[in-house]
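# Structure assessment
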Amino acid sequence: MRSPPRARRLLWTAIAIGGLVATIVLGYQVGGQSALRQQTALAQQQLQLQAQALDQRIERYRALPQLLALDPDLRAAVAAPVDAPTRERLNRRLEEANRTAQASTLTLIGADGTAIAASNWRTLGSNVGERYAFRPYVQQALREGSGRFYGIGVTTGVPGYFLSEALRDADGRAVGVIVIKLELTQYEERWPHTGNVVLASDRYGIVFLASRPEWRYRVLAPLSDSARAELESTRQYGRQPLRPFAGTIGADALARIDNPAMSGRWLWQRTPLADTDWTLHLLQDATPVAIAAWQWAGIAGVSWIALVFVVLFAQQRLRLAALRRRSREELETLVRQHAEELRTAKDGLVAAAQEADTGLSRRLAHLPQGVVIIDAQLRIVAWNARYIELFRFPPDLVRVGTPIEDVFRYNARRGLLGPGPVEDAIERRLDHLRSGKPHARESEKSDGTVLEIRGNPLPDGGFVTSYADITAYKTTARELRTLADALEQRIAERTADLEQARREAEAANRQKGRFAAAAVHDLLQPLNAARMFVSALRARLPNAETRTIVDSIESALSAQDGILTSLLDVSRLESGTLQADVRDVPLGPVLEALAREAGVLAQARGLQLDAVPTRAWVRSDPVLLRRLVQNFLSNAVRYTAHGRILLGCRREGTSLRIEVHDTGPGIAPNRQREIFEEFRRLDDGGGDDRGVGLGLSIVERIARLLGHRIGLRSQPGVGSVFSVTVPLAQPGAHPAPAPTRDPGEDSPLRGCRVWYIDSDVVACEAMRERLAQWQCTVAFVGAPADAVTLADGAAAPDVLLLCERGNAADVAALWRQLQASWEDAPLVILLAEREDAGLRALVEAGDWSILPMPVRPPALRALLSQRLLRRG
């Protein structure tokens, strides 16, 4: 059988492990439910915004049929037969009204359901003469006065939303119908094509609008026979096949979708649209819910472990307290035993004193203490051998009748009465004996012996004094105190261990907070658009004071952009998603471009930036190496108040050291290591835009990823030298540098025809303003589908700005369609959200240029000017 302590330890271990598992499970459930509630609330807000936008678009056209129904010419046209001239006049009238309203078509229908006139009368698929009596919107208008219906056009084959209004004669009878058709595909194209899925379904659960094509015309619920019959009779979706939906939706609105195939779990939210029988759906990826649940589970597990450490600490303190209490009790027991022995000795002394007159001092021989008895005249009347032994008295000193004062004087000569005048010490002891008061004290001799001295008066006068050797007792007490000190030291060490464990647990908990960096990428795009709009606004403001305010806004947005970009870089580097493309590259163009960009900033701060040209080739990732050196230059400009900055290279065997020298304040030796940590920066610098201390942290991570060595030499008050050492490579084919252009000449962007292709409407408007400000001719700004349509028959632009929001395959497909329509190839600049091997291959094959998103306007303008100058 196991011993009880071992069984108890196993029980506590099982409780700790079980509690950890239960805490993690509970944290996972609570965290998942909390994240689900938050994401559901956010999804409902987004869904309401989409519903309001769709309702507002339809609401713009609700009054148009009502106004046209009051037109006397239209009412007269449906009340009597129409001849050819009247029909043509009505067609032109509806054509003009449709052009003004920017709707799809306007159709005038008679009481028998035949179209009398239509705005599309010029096209082959004209509505004129077609019968629409079977359409619900005609039947509803003739019966109820107005109608609405969504379906695929039986004549044009184009889906749309039909709004109808009855035309009435003087007696109020419905004699015709005016119908407006709205195409909602343009609104549908504004929905996001990646990430969230937005759907609109009718009362039968048939999806007719969708942000992804694979969802369109899906049946979300089985159709009844009556529903199928009505769809057949109204020809609502024509010959379009209706595809089934397969998947499961839980009570918590989390769905697994099999057809169309969508991996993972999705949060499915829906809301009805006002004044229609439609339902708007929003599907969001539920991965953040699972991530939040696991984060909560981790926090709960760490908290439980910390609680276990606290309990162990408290248990250890209680155990040590019990040990100290037991030691104190043992010491008290020992003291009581010694006191009992002293009381016994005292009783024997009293008895011996009572028998002293008869000469029975032999009764004192068995006592372990030394004893001496004096009478009322302070003369010795009895003693024992232990008394003589303790004080080493000569044989003839202690006799019956010897004054105790002689003994005191003998001890004083040996120094046993302590410091001070001898006569005073003797007189003080004699006075005490005469007073007849009991006393007790301890005295330590020169040889280390400790005596406990106790004196008590006798009933008939006189005094009895005992001398007990308590040296062993004192030694034991000192050992116990030493043990207590050792126990206190162990407690302090264990407390320090537990404190270190707590700090490590807190550090692990702080690591969980870094998952928030995933949100940085979503914040960069609207921030970039805001910067473009602010720049466009500044160009239109005549007031210098107002432009100063706009400059402050631009500066704040630029600082925020830099912070978010740095956080995104740190997140990519830590997560390992950033892959290096190491190859042989010429270093000269990289450093020249960096020197030009940093030179503008340095000049604005009154600094001189010089760059030493190089023809060396190195083996590295050109994009990451550029980012690394750019951080060196940015720090040099930021922290140098006045003086000079130098960018150059030094050969070092088979390697090349790229160095950035500055005349800034310098860095103390004890701080040269910590500045490479996150959110660490110098408190002294040459400017106000000091950042948040992420630049050198990114440098350290990039260097570690590329296998490059970072160097730093600095002297406070003189300046600093930051360097990175890269391996040299064999020179390859490298184009000659473009000839320099006189800065006094006109800008190469003036009159340049530019196309900008992007599916983001806000970004399109911002880029249009920016290009117009640069005096470019903006020939097209819009979505990829519109660009393909316009390119057919149109001349190629000088520059094509192509925004990538999908993948390399989508970009390649779009470029092939555009290239097929153009005879001349334009300059292509690819604006990419992320770089991968496919995009790099596409850029190299087409001699394109690439810029990371979000795009900084100065970088884009510099690249445009450089490419146009080279081409010219």
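Bear in mind the structure is a predicted one, so any value in this text is a computation, not a measurement. (Residues numbered from 1 in each chain as written. Predicted model: local features only at pLDDT ≥ 70, side-chain atom pairs only at ≥ 80, totals over all residues. Heavy atoms only, no water.)

### Thoughts on the sheet that holds strand 30 (residues 849-852)
The pairing of strands in a sheet comes from backbone hydrogen bonds and takes either a parallel or an antiparallel form. Note the cut-off: Strands are treated as partners if at least two bridges between them are detected by DSSP. Numbering of helices and strands runs from the N terminus; a helix is a DSSP stretch of H or I covering at least four residues, while a strand is a stretch of E covering at least two. Structural elements are reduced to axes, namely lines fitted to C-alpha atoms, with helices fitted over the stretch in contact, and the angle between N-to-C directions of any two is expressed from 0 to 180 degrees. By definition, residues are in contact when any of their heavy atoms lie within 4.5 Å.
Strand order in the open sheet formed by 5 strands is 27-26-28-29-30, with parallel pairing between adjacent strands. In this open sheet, the two edge strands, each paired with only one partner strand, are strand 27 (777-782) and strand 30. Along the sheet, successive strands turn relative to each other by an average axial angle of 15°, direction set aside. Pairing analysis gives 4 bridges linking strand 26 (residues 753-757) to strand 28 (residues 799-804), with the strands arranged parallel. From the neighbouring strand, Val754 faces strand 28, where its bridge partner is Val799. Sitting on the sheet, helix 18 (residues 761-773) is in contact with strand 26, strand 27 and strand 28, with an inclination near 175° to strand 27.

### Observations concerning the sheet that holds strand 18 (residues 463-469)
Taken in spatial order, the 5 strands make up an open sheet running 15-14-18-17-16, and their pairing is antiparallel. Here the strands that pair on one side only, and so sit at the sheet edges, are strand 15 (380-383) and strand 16 (439-444). Taking the axes of each pair of neighbouring strands and ignoring which way they run, one obtains an average angle of 20° across the sheet. Sheet topology note: the strand 14 (residues 370-374)/strand 15 ladder contains 3 bridges and is antiparallel. Residue Val372 lies in a different strand from strand 15, and its bridge partner there is Trp383.

### Some remarks on helix 5 (residues 136-144)
Condition: With a 1.4 Å probe rolled over the protein chains alone, any residue whose accessible area is under 20% of its type maximum counts as buried; one over 50% counts as exposed, and the rest are partly exposed.
Listed in full, the buried residues belonging to helix 5 are Pro136, Tyr137, Val138 and Ala141. Summarising the contacts, the buried residues of helix 5 are in contact with strand 1 (105-110), strand 3 (146-152), strand 4 (159-168), strand 5 (174-182) and helix 7 (225-234). Of the residues flanking the end of helix 5, it is Gly145, one or two places downstream, whose phi is positive at about 105°.

### Examining a nonpolar patch on the surface
Rule in force here: Patches were defined on residues exceeding 30% relative accessible area and lacking a salt bridge, with like-charge contacts within 9 Å and nonpolar side-chain contacts (Val, Leu, Ile, Met, Phe, Trp, Tyr) within 5 Å. Each accessible area value is a Shrake-Rupley result obtained with a 1.4 Å probe; residue values ignore everything except the protein chains displayed when judging cover. Definition used for salt bridges: Asp or Glu carboxyl oxygen within 4 Å of a side-chain nitrogen of Lys or Arg.
A grouping of Leu11, Trp12 and Ile15 is seen on the molecular surface, where their side chains present a nonpolar patch of about 340 Å² in accessible area. Secondary-structure assignment places Trp12 in helix 1 (residues 4-59). Residue Trp12 is classed as exposed on the basis of its relative accessible area, which comes to 53%.

### A short note on the packing of aromatic side chains
Filter applied, for reference: Each aromatic pair joins two rings of Phe, Tyr and Trp (for Trp, the six-membered one) with centres within 6.5 Å, and gets the label stacked for planes under 30 degrees apart, edge-to-face for over 60, and tilted for any other angle.
For the coordinates displayed, the defined rule picks out 18 aromatic pairs. Judged by centre distance (4.2 Å) and plane angle (35°), the ring pair of Tyr150 and Phe208 falls under tilted. Of the two residues, Tyr150 is situated in strand 3 and Phe208 in strand 7 (residues 207-210); the sequence distance between them amounts to 58 residues. Judged by relative accessible area, which is 5%, Tyr150 ranks as buried. Through a chain of ring-to-ring contacts, three or more aromatic side chains come together here, namely Tyr150, Tyr161, Phe208 and Trp278.

### Focus on the pattern of salt bridges
Evaluated as defined, the whole model comprises 33 salt bridges. Note that Glu597 and Arg626 form a salt bridge whose closest N and O atoms lie 2.4 Å from each other. With Glu597 in helix 15 (residues 587-604) and Arg626 in helix 16 (residues 622-639), this residue pair connects regions lying 29 residues apart in the sequence. Connected through salt bridges with shared partners, the residues Arg650, Glu652, Arg657, Glu659, Arg709 and Arg713 form a single ionic network.

### Here we look at the packing of helix 10 (residues 404-413) against helix 11 (residues 422-435)
As a reminder of what qualifies: A crossing counts as left-handed when the near helix is turned anticlockwise from the far one by less than a right angle, and as right-handed when that turn is clockwise. Under the grouping applied here, Gly and all other residues not named as nonpolar or charged are polar, the nonpolar ones being Ala, Val, Leu, Ile, Met, Phe, Trp, Tyr, Cys and Pro and the charged ones Asp, Glu, Lys and Arg.
The contact between helix 10 and helix 11 brings their axes to 10 Å, and the two run at 145°. Between helix 10 and helix 11 lies a crossing of right-handed hand. Residues Ile404, Glu405, Phe408, Arg409 and Ala412 of helix 10 form the contact with helix 11, whose participating residues are Val422, Glu423, Ile426, Arg429, Leu430 and Leu433. Residues of the contact of helix 10 with helix 11, tallied by class, amount to 7 nonpolar, no polar and 4 charged.

### A look at the nonpolar core
Put simply, the rule reads: Only buried residues count toward a nonpolar core. Its members are Ala, Val, Leu, Ile, Met, Phe, Trp, Tyr and Cys residues joined through side-chain atoms within 4.5 Å.
Of all hydrophobic cores here, the largest spans 57 residues; its most connected members are Leu90, Leu108, Tyr161, Ile180, Trp278 and Leu280. The dominant element in this core, judged by the number of residues it contributes, is helix 1, at 7 residues. Not counting residues up to four positions away in its chain, the partners in contact with Tyr161 are Ile58, Arg148, Phe149, Tyr150, Ile180, Lys181, Leu182, Leu184, Thr276 and Trp278. Residues Leu594, Leu607, Val629 and Leu696 belong to the second largest nonpolar core, which totals 37 residues.

### Description of the side chain of Arg135
The test is simple: Note that His is not counted, nor are the chain ends; the positive residues are Lys and Arg, and the negative ones are Asp and Glu. Definition of a polar contact: a pair of N or O atoms within 3.5 Å, with one able to donate and the other able to accept a hydrogen when the atoms are protein atoms, and with sequence-neighbouring residues admitted only if both atoms are side-chain atoms.
Take Arg135: it is sitting in the loop between strand 2 (115-118) and helix 5. The buried charged residue Arg135 lacks any salt bridge, with Glu130 as its nearest oppositely charged partner at 10 Å. A distance of 3.1 Å separates the side chain of Arg135 from the backbone oxygen of Arg235, its partner in a polar contact. Not counting chain neighbours up to four residues away, the residues in contact with Arg135 comprise Phe149, Ile152, Gly153, Val154, Thr234, Arg235 and Gln236.

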